[in-house]
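Reading the structure
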Amino acid sequence: MIANVIVDVPSQNTNRLFDYEIPEKFEGIVQPGVRVIVPFGPRKILGYVITLSETSAFSSVKKITDVLDVIPTLTDELLQLGKWLSRNTLSYYISCLQVMLPQVMKAKYRKELWKLTEEPLNSELDAFFDGRAVVDFEEFEQSGISYHTLRKHMDDGVLDVHYEVKSRETKKTVTNVEPVLSSMELEEKLVDLSPQAKKQRKIIEYFLEYPETIEKKRLLEELSTTSASLKPLVNQGILREFKKEVFRDPYGDREFERTEPFPLTNEQETAIEPILQNIEDQTHDVFLLHGVTGSGKTEVYLQSIQQVIDKGEEAIMLVPEIALTPQMVERFKGRFGSKVAVLHSALSAGEKYDEWRKIQRREVQVVVGARSAIFAPFTRIGLIIIDEEHETSYKQEDRTRYHARDVAIERGKTHQCPVVLGSATPALESYARAVKGNYKLLTMSKRMNESVMPEVELVDMREELHSGNRSMFSIVLKEKIEERIARGEQVVLFLNRRGYSTFVMCRDCGHVSECPHCDIALTYHKRQNRLKCHYCSHEEPMPSECPECESKTIRYFGTGTQKVEEALQELIPEARVIRMDVDTTRRKGAHEKHLKKFGDGQADILLGTQMIAKGLDFGNVTLVGVLAADALLNLPDFRASEKTFQLLTQVSGRAGRHEKAGEVVVQTYSPEHYSIELASQYDYEQFFKEEMKLRKAFRYPPYFYLTLFTISHPNQLKVQEVTQKITMFMQQRLSDQAYVLGPTPSALTRINNRYRYQCMIKYKNEPEQRTFVERILHYYEDEMKQENGLQITVDFQPYQLM
Ligand SMILES: Nc1ncnc2c1ncn2[C@@H]1O[C@H](COP(=O)(O)OP(=O)(O)OP(=O)(O)O)[C@@H](O)[C@H]1O
Ligand SMILES: [Zn+2]
Ligand SMILES: [Zn+2]
């Protein structure tokens, strides 16, 4: 038998199946989806078996060296999905298979450098080997010896790079003990036991009372005895010891209070009905659930999932990474208990692997997770839900540039099950599809218990400044915060960190400190009093005078959460503040701790960035303040208005969610901007209309599709030249309905000393586009292989335009 294998070498030449003979001892084990180790050129590498065949077209095929799985790691469906993904994103098939698996399943190779001769090489290399014949390749990489030297000696046959494949998956096991004999027989043994063997007597008596399997450690603890007294009983065949695989359950030590389904409101009832019908009929529709914040979308998800579980099928529930808070997990674990696996980036690699195995082994029926959970290896999917479907984090931004929404719909088609996209502020693309009838629109326009949406007040910060208030808090906001504290209610203050970092500027001459490698402003870090670049690792001390004009009035601008916290404490000294940003939540569990503290009423104000905009449901929050609403508006991105609208709506939605009414204060320098004004009125439909007009006028999605080429290289002339060539090539080949724009310097023109240029294509229907792009990538392939050489990325659904 022959296995047709895709090998773990992402390149154009290896993007096809290779034939390997299956040694007799592996026959039957080697099946599609199994990982194998195969010889490839001089090395041994990882591969995935895709298909089997009787014979090979090649006369001499090598044998499979080793097999890593007994159960296939990838199901047939996922192997097919990988092909689809590969076509869809123009990535190598192997990369598409890898993206579906948890980190630990991708075997790690240890590279070694082998010296193949006893003779001396040159002084540099001899000093490096220092008498050794084999050295870890990492050590070579750090040695500073050039690759050129290495290459020369490899060509001469005196050095070789050797690959050691070492799979890093780690299974955790515990030892269990159980009785082998029946109670009657145990009684007999007890009689035969010598009177001195008191410990052993205790152990047998224990099993007479509890004739069940028990973890060895617990047994020994309970009877305060040791392995030594257990051993003779095992040796005599009275008891049996065995190892069992256990999962590291990250939520294992937590009790989740069980919740019961709520009786649905009329709106919920209307929304859920067609979803349940779909599940029942095993048909595939895409639903867009447009429900205002606090309208009870989550309850609709929960009850739909329940139906799927009752049918014996499985459900995938995606939530944005940032919303995967303990509160969210609690809602799912509380309803479905141990039937739920949770996948998100805060888990350790081992924990992720364990959760993944639970899915693979059918021990759970629901997975709740961030983007990559869409690849959960379920085989009987009955429902896929994407909450906050407008979130851009559903798009993967490197290598395999897939969008989880597209993958969800593809899997939904395969499994003939409904896909539910939910949001209070759907992506323009999705809403447009719903309006056209491609998606089925479900609307929930009221909050729970008829509570109204919180009133939004816009404060013009220019006027504040003119009237002499130089603080970052408007008079209104300050008063309202004080009012809440006096009443024992709580406040959420939101600061948009992105685009609003603390840059350093000279007040005399306007000089801004920039990174010497990246053309972007450096960020001031107070604790170390240093300036850092957020794109490369450059940092430098905070200057005491302006490097341009030597003025001493150089200082930092913009508002970081830390600075806001200080100003807030100065303004309202009695306020108890919890700050949540990347700095205060880095440690594991910190996120949860802060939220719990706030929920328990141990603070008056929760101050934070994006990470507090979503999913929080605290009844005592009656005021939300947005400090700089326009920070996002000024990004070089055609979605800036849409993002601003979405974020303001989300943040406002945190207030007045239960009995107490809420209020929102939005501070802005551009209160007349339609996205800020319409967000303050919760008018999604009007915003959609306005924004669609602009998208049409400027030829952006959803009216046009985009393709974005980003080209980078250390040499600026080179980048310009290549981008120019690509632009011309595409211009000549695409129809005159397509707009090929470029070459343009990217908004971040230089990152890590590499210049970046782009070519953007706006088009409606270009069936041959991908073939042209492939030809370009093929043409430049050799140049792209070189160390620190040319890089070309192509994104067919770009979200990051910088
Ligand atoms: N049918 C119901 N009866 C009573 N309470 C409900 C019902 N459905 C949901 N709730 C409660 O209403 C509150 C808001 O619901 P939920 O959080 O599901 O809204 P949501 O639409 O998901 O909100 P957001 O988009 O802001 O996250 C929650 O506290 C939830 O427990
Ligand atoms: Zn200056
Ligand atoms: Zn930099």
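Just so you know, these numbers come straight off a predicted model, no measurement behind them.

Tallied over the full model, the rule gives 37 salt bridges. Here glutamate 672 makes a salt bridge to arginine 462, at a shortest N to O gap of 3.5 Å. Linking glutamate 672 in the loop between strand E29 (663–668) and helix H21 (674–680) with arginine 462 in helix H16 (residues 461–466), this pair joins segments that are 210 residues apart in sequence. Judged by relative accessible area, which is 51%, glutamate 672 ranks as exposed. A salt bridge links arginine 695 to glutamate 642; its shortest N-O distance comes to 2.8 Å. With arginine 695 in helix H22 (residues 684–697) and glutamate 642 in helix H20 (residues 640–652), this residue pair connects regions lying 53 residues apart in the sequence. A relative accessible area of 2% places arginine 695 in the buried class. Salt bridges sharing partners connect three or more residues here, namely Lys480, Glu483, Arg484, Arg487, Glu489 and Glu663.

Moving on, we come to the confidence of the model for the chain. Caution applies to low-pLDDT parts of the model: their predicted coordinates are not meant to be read in detail. This prediction gives the chain a mean pLDDT of 87; 93% of its residues lie at or above 70. In the model of the chain, strand E8 (residues 159–166) stands out as the element of lowest mean pLDDT, 66, in contrast to helix H14 (residues 404–415), which has the highest, 98. Among the scores for the predicted complex, ipTM is 0.93 and pTM is 0.79.

Tracing the backbone shows arginine 447 in the loop between strand E18 (440–444) and strand E19 (455–460). The class of arginine 447 is buried, set by a relative accessible area of 4%. Looking at arginine 447, its side chain comes within polar contact range of the main-chain oxygen of threonine 293, at 2.8 Å. Looking at arginine 447, its side chain comes within polar contact range of the main-chain oxygen of alanine 655, at 3.0 Å. Those residues in contact with arginine 447 that sit more than four places away from it in its chain are Val292, Thr293, Gly294, Ser295, Val452, Met453, Pro454, Gly653, Ala655, Gly656 and Arg657.

Taken together, 19 residues are adjacent to ligand 1, and Gln268, Lys297, Thr298, Asp617 and Arg657 come closest. Between ligand 1 and the protein, one listed contact pairs an oxygen atom with a backbone N or O atom of glycine 294 at 3.0 Å. Within the backbone of serine 295, a nitrogen or oxygen atom sits 3.3 Å from an oxygen atom of ligand 1. Burial of ligand 1 by the surrounding chains reaches 87%, relative to a free accessible area of 630 Å². When residues of the shell around ligand 1 are assigned to their parent elements, the largest contribution, three residues, is made by helix H11 (residues 297–310). When residues are assigned to domains, the shell around ligand 1 turns out to be shared by domain 3 (266–450) and domain 4 (455–500 + 559–689), each giving three or more.

What follows concerns a negative patch on the surface. On the surface, Glu185, Glu187, Glu188 and Asp192 cluster together to form a negatively charged patch. Checked against the element boundaries, glutamate 188 lands in helix H6 (residues 183–192).

Looking now at the domain arrangement of the chain. The assigned domain composition of the chain is domain 1 (109–166), domain 2 (172–246), domain 3 (266–450), domain 4 (455–500 + 559–689) and domain 5 (705–795). Here the C-alpha centre of domain 4 lies 28 Å away from the C-alpha centre of domain 3. For the pairing of domain 3 and domain 4, the buried interface totals around 2,200 Å² over both sides, and the portion due to carbon and sulfur atoms is 56%. Linking domain 3 with domain 4 are one salt bridge.

The next thing to look at is the packing of aromatic side chains. Taken as a whole, this structure holds 17 aromatic pairs when the rule is applied. A ring pair is formed by phenylalanine 638 and tyrosine 700, whose centres lie 4.3 Å apart and whose planes are at 5°; its orientation type is stacked. Remark: tyrosine 700 occurs in the loop between H22 and strand E30 (705–713) and phenylalanine 638 occurs in the loop between strand E28 (621–626) and H20; sequence separation between them is 62 residues. Put simply, the rings of Tyr431, Phe645, Tyr674, Tyr684, Phe687 and Phe688 pair up and form one aromatic cluster. One Lys or Arg, lysine 762, reaches over the ring of tyrosine 700 and ends 4.1 Å from the middle of that ring.

On to the sheet that holds strand E26 (residues 577–580), then. Reading across the sheet, the six strands line up as E19-E29-E28-E20-E27-E26 and stay open at both edges, with parallel pairing between neighbours. A strand with exactly one partner marks an edge of an open sheet, and here the two such strands are E19 and E26. Here the average twist between neighbouring strands, direction ignored, is 15°. One ladder, built from four bridges, connects E28 with E29; its direction is parallel.

Below, the discussion takes up the pairing of strand E3 (residues 35–40). When you tally the buried positions in E3, you get six out of six residues, the bulk of the element. Bridge count for E3 against strand E4 (residues 43–53) is six bridges, and the pairing is antiparallel. Note that in E4 the partner of proline 39 across the bridge is lysine 44. Two successive antiparallel strands, E3 and E4, enclose a turn made up of two residues, where glycine 41 displays a positive phi of approximately 60°. Pairing between E3 and strand E5 (residues 66–67): two bridges, direction antiparallel. Pairing of isoleucine 37 across the sheet is with aspartate 66, part of E5.

On to the nonpolar core, then. Membership of the largest hydrophobic core comes to 88 residues, with the highest contact counts inside it found for Tyr48, Ile316, Val367, Ile374, Phe375 and Leu606. Looking at which domains feed residues into this core, each of domain 3 (266–450) and domain 4 (455–500 + 559–689) supplies at least three. In contact with valine 367, not counting residues within four places along its chain, are Ala315, Ile316, Met317, Ala341, Leu343, Ile359, Ala373, Ala376 and Phe378. Counting 29 residues, the second-largest nonpolar core is a separate cluster that includes Leu264, Val300, Met328 and Val366.

Moving on, we get to the sheet that holds strand E14 (residues 340–343). Pairing within the open sheet is parallel, and its seven strands lie in the order E14-E15-E13-E16-E17-E12-E18. Whereas interior strands pair on both sides, the edge strands pair on one side only; in this sheet they are E14 and E18. On average, adjacent strands in this sheet sit at an angle of 15° to one another, irrespective of strand direction. As paired strands, strand E13 (residues 314–318) and strand E16 (residues 381–387) are joined by five bridges and run parallel to one another. The residue of E16 that forms the bridge with alanine 315 is leucine 383. Against the sheet, helix H10 (residues 266–281) touches strand E12 (286–291), E16, strand E17 (419–423) and E18, its axis set at about 150° to E18. Against the sheet, helix H13 (residues 349–360) engages E14 and strand E15 (366–369), with an angle of about 140° to E14.

Calculation notes
Once a new chain begins, its residue numbering starts again from 1 and follows that chain's sequence as written. Working convention: letters from A go to chains and numbers from 1 go to ligands, in the order in which they are written. With pLDDT at 70 or above as the cut-off, local features in this predicted model cover only qualifying residues; side-chain atom pairs require 80 or more to be listed or tallied, and sums for whole chains, interfaces and linings still use all residues. Calculated side-chain values reflect all of the structure's heavy atoms, with hydrogen atoms and water omitted. The term salt bridge refers to a side-chain nitrogen of Lys or Arg lying within 4 Å of a carboxyl oxygen of Asp or Glu. By the criteria applied, helices consist of DSSP H or I runs no shorter than four residues and strands consist of E runs no shorter than two, each listed in order from the N terminus. Only protein chains enter the calculation, and the probe is 1.4 Å; a residue is then buried if its accessible area is under 20% of its type maximum, exposed if over 50%, and partly exposed in between. What pLDDT expresses is the predictor's confidence in each residue, scored from 0 to 100. Pairing of N or O atoms within 3.5 Å defines a polar contact, subject to two protein rules: one partner must be a possible hydrogen donor and the other a possible acceptor, and residues neighboring in sequence count only if both atoms are side-chain atoms. Contact criterion: two residues are considered in contact whenever any of their non-hydrogen atoms come within 4.5 Å of each other. Here a residue is considered near a molecule or strand provided that any single heavy atom belonging to it is located within 4 Å of it. The Shrake-Rupley method, run with a 1.4 Å probe, gives the accessible areas here. Residue values count only the displayed protein chains as cover. Domain ranges listed in this record stem from an automatic or a database domain assignment. Within the patch definition used here, like charges are joined within 9 Å and nonpolar side chains (Val, Leu, Ile, Met, Phe, Trp, Tyr) within 5 Å, considering only residues with over 30% relative accessible area and no salt bridge. The convention is simple: Lys and Arg are positive, Asp and Glu are negative, and His and the chain ends are not counted. Charge coordinates come from a single atom per side chain, which is NZ of Lys, CZ of Arg, CG of Asp or CD of Glu. Put simply, buried area is the surface a 1.4 Å probe can reach on two separate parts but cannot reach once they are joined, added for both. Two rings from Phe, Tyr or Trp (for Trp, the six-membered ring) form a pair when their centres are within 6.5 Å of each other. A pair whose planes differ by under 30 degrees is stacked, one over 60 is edge-to-face, and the rest are tilted. In this analysis the charged atom, NZ for Lys or CZ for Arg, is taken to sit over a ring once it is within 6 Å of the ring centre and within 35 degrees of the ring normal. At least two DSSP bridges between two strands are required for those strands to pair. Note on geometry: axes are C-alpha line fits, over the in-contact stretch for helices, and angles between N-to-C directions span 0 to 180 degrees. Take the buried Ala, Val, Leu, Ile, Met, Phe, Trp, Tyr and Cys residues and link them wherever side-chain atoms come within 4.5 Å; each set so joined is a nonpolar core.

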